[in-house]
Amino acid sequence: VKVDTDMDWWFVELIKNDKVISIQTSFIQSETVYFKHLPPGSYSLNIVGDKNKNDRWDSFNPDDYTGPEKRFVYERPVKIKANWEHEIDFIINE
């Protein structure tokens with residue numbers, strides 16, 4: 001997954017059957033993220049802007065009353081086939 005963004009700190013969630021199965025964390029601005037040896041199936045991708053750098057999505061910060069961290073959802077499911085490589089461009093414009 002090639003992520004093109006200017007966010008200072010973010011992570012990516014890989015989701016299958018409505019469950020997060022992998023999280024790749026601690027990225028700064030644009031990066032390429034690799035997921036290897038995935039079983040065939042349909043997956044979803046989320047990119048989360050991790051403002052407080054704690055490697056998880058925060059819905060609300062009661063200390064400074066800030067709202068939820070931004071979550072960007074890839075617009076369509078990613079279908080993975082056995083023995084195939086897939087390249088995805090995920091462009092985030094804030």
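A brief look at the structure comes next. Going along each chain's sequence as written, the residues are numbered from 1 onward. Two thresholds apply to this predicted model, a pLDDT of at least 70 for residue-level local features and 80 or more for giving and counting side-chain atom pairs, whereas whole-chain, interface and lining totals are computed over all residues. Heavy atoms throughout the structure, all of them, feed into the side-chain values; hydrogens and water do not.

Things to note about the layout of surface pockets
Thought 1: Only protein atoms enter the 1 Å grid, on which a cavity is a set of points fitting a 1.4 Å probe that cannot get out and a pocket is an open set with protein on both sides within 12 Å along at least 5 of 7 lines, lining residues being those with an atom within 4 Å of a point. Grid points are joined across faces, edges and corners, and a volume is the space filled by probe spheres set on the points. Considered as a void within the structure, the largest pocket measures approximately 610 Å³ in volume.
Thought 2: In terms of lining, the largest pocket is formed by 23 residues, of which the most central are Tyr-34, Phe-35, Glu-85, His-86 and Glu-87.
Thought 3: The helix and strand labels rest on DSSP assignments: H or I over at least four residues marks a helix, E over at least two residues marks a strand, and numbering proceeds from the N terminus. Mapped by element, the contributors of at least two residues to the lining of the largest pocket are strand 5 (41-49) and strand 7 (78-80).
Thought 4: Residues are grouped as follows: nonpolar covers Ala, Val, Leu, Ile, Met, Phe, Trp, Tyr, Cys and Pro; charged covers Asp, Glu, Lys and Arg; every other residue, Gly included, is treated as polar. Looking at side-chain class alone, the lining of the largest pocket contains 13 nonpolar, 4 polar and 6 charged residues.
Thought 5: Lining the second largest pocket, in full, are Lys-51, Asn-52, Asp-58, Phe-60, Asn-61, Asp-64, Thr-66, Gly-67, Pro-68, Glu-69 and Lys-70.
Thought 6: Looking at side-chain class alone, the lining of the second largest pocket contains 2 nonpolar, 4 polar and 5 charged residues.

A word on the packing of aromatic side chains
Thought 1: Stacked, tilted and edge-to-face are the three classes assigned to paired rings of Phe, Tyr and Trp, where Trp is represented by its six-membered ring and a pair needs centres within 6.5 Å; plane angles under 30 degrees give stacked, over 60 edge-to-face, the rest tilted. Within this structure, the stated rule accounts for 3 aromatic pairs.
Thought 2: Between the aromatic rings of Trp-10 and Phe-27, the centroid separation amounts to 4.7 Å while the plane-to-plane angle is 25 degrees, which identifies the pairing as stacked. Here the residue Trp-10 occupies a position in strand 2 (residues 10-16), and Phe-27 occupies one in strand 3 (residues 19-27), the gap between them amounting to 17 residues.
Thought 3: Only protein chains enter the accessibility calculation, which uses a 1.4 Å probe; a residue is then buried when its area is under 20% of its type maximum, exposed when over 50%, and partly exposed in between. Classification of Trp-10 by relative accessible area gives buried; the value is 0%.
Thought 4: We classify Phe-27 as buried; its relative accessible area is 12%.
Thought 5: Between Arg-71 and the ring centre of Trp-57, over which it is positioned, the NZ or CZ distance is 4.8 Å.
Thought 6: For a Lys NZ or an Arg CZ to count as sitting over a ring, it must be within 6 Å of the ring centre and within 35 degrees of the ring normal. The side chain of Lys-81 reaches across the aromatic face of Trp-84, ending 4.9 Å from its centre.

Thoughts on a negative patch on the surface
Thought 1: In this scheme, patches are assembled from residues that exceed 30% relative accessible area and form no salt bridge. Like charges are connected within 9 Å, while nonpolar side chains (Val, Leu, Ile, Met, Phe, Trp, Tyr) are connected within 5 Å. The accessible surface values rely on the Shrake-Rupley method and a 1.4 Å probe; as for residues, cover is taken only from the protein chains in view. Each reported salt bridge corresponds to a side-chain nitrogen of Lys or Arg within 4 Å of a carboxyl oxygen of Asp or Glu. We treat Lys and Arg as the positive residues and Asp and Glu as the negative residues; His and chain ends play no part in the count. Positions of charges follow a simple convention, taking NZ of Lys, CZ of Arg, CG of Asp or CD of Glu. A contiguous patch of negative charge, built from Asp-4, Asp-6, Asp-8, Glu-85, Glu-87 and Asp-89, is present on the exposed surface.
Thought 2: As for its position among the elements, Glu-85 is in the loop between strand 7 and strand 8 (89-91).

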